[in-house]
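Structure assessment
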Amino acid sequence: ESLVDNLAGLLCPSAAFAVFSPWLQPLVECRCALHKRKLAVGMKVTETFWREHQVLPGRTHPHMAMTTGPTGGYILSGVMTSQVLQHKPSGRSHTEED
């Protein structure tokens, strides 16, 4: 199963989602598939890298002696649409009990 199918199988319309990956490409492919199938809106891919900046009068620059840990990566976020109900794998649909 693809990431799109897994996402659609778990979420209801209007559900916000966020998916983390250390790699950009899988999230871009997922975003394109969600957009093509009209399963989500308001999607964006953001980078989690954070860099501190030193701000002094007349100059601003990033701190050059920063250490980076294993926390870098990307996040795909958005909101599912009502089209997700038609995309439920294996006939699963949401009911009042879900």
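Since this is a predicted model, take the numbers as computed values, not measurements.

**Observations regarding the side chain of Ser 21**
With respect to the secondary-structure elements, Ser 21 resides in strand E1 (residues 16-21). A distance of 3.0 Å separates a polar atom in the side chain of Ser 21 from the backbone oxygen of Trp 23. With residues up to four places along the chain from it excluded, the contact list for Ser 21 reads Pro 26, Leu 27, Gly 73 and Tyr 74.

**Regarding the sheet that holds strand E2 (residues 40-47)**
If you walk across this open sheet you meet the 3 strands as E1-E5-E2, and the pairing is antiparallel. Every interior strand has two partners, whereas the edge strands, E1 and E2, have only one. Neighbour to neighbour, the strand axes of the sheet diverge by 15 degrees on average, direction disregarded. Bridge analysis of E2 against strand E5 (residues 74-80) gives 6 bridges, and the strand direction is antiparallel.

**Topic: the pattern of salt bridges**
If you walk through the whole model with that rule in mind, you get 1 salt bridge. Arg 37 is the salt-bridge partner of Asp 5, the closest N and O atoms lying 3.4 Å from each other. Here the residue Asp 5 occupies a position in helix H1 (residues 3-10), and Arg 37 occupies one in the loop between helix H2 (24-36) and E2, the gap between them amounting to 32 residues.

**A closer look at the environment of Val 79**
Along the chain, Val 79 falls in strand E5. Residues Val 79 and Ala 15 lie 64 residues apart in sequence; the distance between their C-alpha atoms is 5.5 Å. The contact partners of Val 79, leaving out residues within four places of it in the chain, are Ser 14, Ala 15, Ala 16, Phe 17, Leu 39, Ala 40 and Val 41.

**With respect to the confidence of the model for the protein**
Close reading of the predicted structure is inappropriate where its pLDDT is low. Summing up the model confidence of the protein, the mean pLDDT is 81 and the portion of residues at 70 or higher is 78%. Every residue in residues 91-98 is under pLDDT 50, and counting partners more than four places away or in other chains gives 7 contacts.

**Some thoughts on the nonpolar core**
Membership of the largest hydrophobic core comes to 16 residues, with the highest contact counts inside it found for Phe 17, Leu 34, Leu 39, Leu 76 and Met 80. Only H1, E1, H2, E2 and E5 provide two or more residues apiece to this core.

**Description of unusual backbone geometry**
Glycine aside, residues mostly have negative phi, and peptide bonds are mostly found in the trans state. Even without being glycine, Ser 14 reaches a positive phi, approximately 70 degrees. With respect to the helices and strands, the residue Ser 14 is situated in the loop between H1 and E1. On the basis of relative accessibility, which here comes to 61%, the residue Ser 14 falls in the exposed class. Unlike most non-glycine residues, Lys 38 shows phi in positive territory, near 55 degrees.

**Some words on H1**
Every buried residue belonging to H1 is among Val 4, Leu 7, Ala 8 and Gly 9, and all of these are buried. Where the residues of H1 are buried, they touch E1, H2 and E5.

Cut-offs and rules
- Residues numbered from 1 in each chain as written.
- Predicted model: local features only at pLDDT ≥ 70, side-chain atom pairs only at ≥ 80, totals over all residues.
- Heavy atoms only, no water.
- Helix = DSSP H or I, 4+ residues; strand = E, 2+ residues; numbered from the N terminus.
- Polar contact = N/O pair within 3.5 Å; in protein donor to acceptor, adjacent residues only side chain to side chain.
- Contact = heavy atoms within 4.5 Å.
- Pairing = 2+ DSSP bridges.
- Axes fitted to C-alpha atoms, helices over the stretch in contact; angles between N-to-C directions.
- Salt bridge = Lys/Arg side-chain N within 4 Å of Asp/Glu carboxyl O.
- pLDDT = per-residue confidence, 0-100.
- Core = buried A, V, L, I, M, F, W, Y, C linked by side-chain atoms within 4.5 Å.
- Buried < 20%, exposed > 50% of the residue type's maximum accessible area, 1.4 Å probe, protein only.

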